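# Survey of secondary and tertiary structure
One-letter residues, chain by chain:
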Amino acid sequence: PRIDFINALVGYVVGFNGGNGMIGKTTDGGTAWNIQYVNSSRQLLSVKFVNPATGIIVGNFGIILKTTDAGTTWVNKLEGLKSNLLDVCSIDSNRVFAVGGSGTILSTSNGGINWLTQISNTTADLNSVYFISQDTGYVVGKSGLILKTTDRGSNWNSIPSGVSNHLESIYFPNSDLGFIAGQNG
């Protein structure tokens, strides 16, 4: 998501403005925003905080930024992939997944220090990732693609969606109920 609130008052938003990556932080529930510009020409596309101090941002050309001080400073953890990273999701403070163009799935098991490429078995753009438990997660992407893992991302299998529209976002309010949003309805 482009916006992530860690509680009712503190939230972060990412984007791109004037040729620089942009990170906004609010501490008053969104009434006012403090904007930081990251020394990068990469568009920032998704942010996820794994706890109040530690957050991960992903964006164009595979950029991954990490903070461990509640957004005061951001450290570049990865850059230079050919694929854009479009979404990031955390299972816990150590296990984080990022998805993006050309079937890219990256994972870390040490809080974003090292990132490994997962085999997605697709070259389609992957737009959103969501885990409903430690083991089970879903990815959605172009042409109605849905991928599912039941082994913490070691294997990803395609499941039928019944649509050919591009799927843009996935969310589960609980493990039994999920929503997918896509193009054209």
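The preceding data block contains the structure.
Nothing here was measured: the structure is a model prediction, and the numbers come from that model.

This next bit is on the sheet that holds strand β4 (residues 34-38). The strand order across the open sheet formed by four strands is β1-β2-β3-β4, and the pairing between neighbours is antiparallel. Of all the strands in the sheet, the pair left with one neighbour each is β1 (3-5) and β4. With direction set aside, neighbouring strand axes in the sheet form an average angle of 20°. Here strand β3 (residues 20-26) pairs with β4 via five bridges, running antiparallel. The residue bridging Lys25 from the neighbouring strand is Asn34, located in β4.

Another aspect to go through is the sheet that holds strand β16 (residues 157-159). A sheet is described by the order of its strands in space; here four strands give the open sequence β13-β14-β15-β16, paired in antiparallel fashion. Sheet topology places β13 (126-131) and β16 at the edges, where each strand pairs with a single neighbour. Pairwise comparison of adjacent strand axes, ignoring direction, gives a mean angle of 30° for this sheet. Strand direction decides the pairing type here: β13 and strand β14 (residues 137-141), joined by five bridges, are antiparallel. The residue bridging Leu126 from the neighbouring strand is Gly141, located in β14.

This part takes up the pairing of strand β15 (residues 146-149). Across four bridges, the pairing between β14 and β15 is antiparallel. Bridging across to β15, Tyr138 finds its partner in Lys148. Linking β14 back to β15 in an antiparallel pair, the connection comprises four residues, with Ser143 at a positive phi of about 55°. With three bridges joining them, β15 and β16 adopt antiparallel strand pairing.

A few words now on the environment of Phe172. Tracing the backbone through its elements, the reader meets Phe172 in strand β17 (residues 167-174). Taking the C-alpha atoms as reference points, Phe172 and Tyr138, 34 residues apart in sequence, are found 9.9 Å from one another. For Phe172, the residues in contact, after removing those within four places along its chain, are Tyr130, Ile132, Tyr138, Leu177 and Gly178.

Before going further, it helps to examine the side chain of Ser120. Mapped onto the elements of the fold, Ser120 is located in the loop between β12 (116-118) and β13. Here Thr122 takes part through its backbone oxygen, which lies 3.2 Å from a polar atom of the side chain of Ser120. Residue contacts for Ser120: discarding those within four places in its chain leaves Gly103, Ile105, Leu126, Leu147 and Trp156.

Here we come to a nonpolar patch on the surface. Together, Ile3, Phe5, Trp33, Ile35 and Tyr37 line one region of the surface with nonpolar side chains, adding up to about 450 Å² of accessible area. For the nonpolar patch, the elements supplying multiple residues, two or more each, are β1 and β4. One can find Phe5 in strand β1. By relative accessible area, Phe5 is classed as partly exposed at 34%.

Per the counting criterion, the structure on display carries nine aromatic pairs. Arranged with centres 6.2 Å apart and planes meeting at 80°, the rings of Phe5 and Trp33 form a pair that is edge-to-face. Note that Phe5 is positioned in strand β1 and Trp33 in the loop between β3 and β4, a separation of 28 residues in sequence. Using a relative accessible area of 33% as the deciding quantity, one classes Trp33 as partly exposed. Ring plane angle 85° and centroid distance 6.1 Å describe the contact between Phe131 and Trp156, whose orientation is recorded as edge-to-face. Of this pair, Phe131 sits in strand β13 while Trp156 sits in the loop between β15 and β16, placing them 25 residues apart in sequence. For Phe131, a relative accessible area of 8% puts it in the buried group. Put simply, the rings of Tyr130, Tyr138, Tyr171 and Phe172 pair up and form one aromatic cluster.

Rules used throughout
Sequence order sets the numbering: in each chain, residues are counted from 1 along the sequence as written. In keeping with the model being predicted, local features are shown solely for residues with a pLDDT of at least 70 and side-chain atom pairs are shown and tallied solely at 80 or more, while totals for entire chains, interfaces and linings include all residues. In computing side-chain values, all of the structure's heavy atoms are included and hydrogens and water are not. Paired strands are those between which DSSP finds at least two bridges. Only DSSP runs of H or I with at least four residues qualify as helices, and only runs of E with at least two residues qualify as strands; both kinds are numbered from the N terminus onward. Geometry is summarised by axes, namely lines fitted to C-alpha atoms with helices restricted to the contacting stretch, and by angles between N-to-C directions that run from 0 to 180 degrees. For this analysis, residues touch if any pair of their heavy atoms sits within 4.5 Å. Counting of polar contacts relies on pairs of N or O atoms within 3.5 Å, with two restrictions inside protein: one atom must be capable of donating a hydrogen and the other of accepting it, and residues adjacent in sequence are counted only when both atoms are side-chain atoms. Like-charged residues within 9 Å of one another, or nonpolar side chains (Val, Leu, Ile, Met, Phe, Trp, Tyr) within 5 Å, are grouped into patches, provided each residue has over 30% relative accessible area and no salt bridge. Each accessible area value is a Shrake-Rupley result obtained with a 1.4 Å probe; residue values ignore everything except the protein chains displayed when judging cover. Salt bridges are identified by distance alone: a Lys or Arg side-chain nitrogen within 4 Å of an Asp or Glu carboxyl oxygen. A 1.4 Å probe rolled over the protein chains alone gives each residue an accessible area, and that area as a share of the maximum for its type sets the label: buried under 20%, exposed over 50%, partly exposed in between. By convention, a stacked pair of Phe, Tyr or Trp rings (six-membered ring in the case of Trp) has centres within 6.5 Å and planes under 30 degrees apart, an edge-to-face pair has planes over 60 apart, and any other such pair is tilted.

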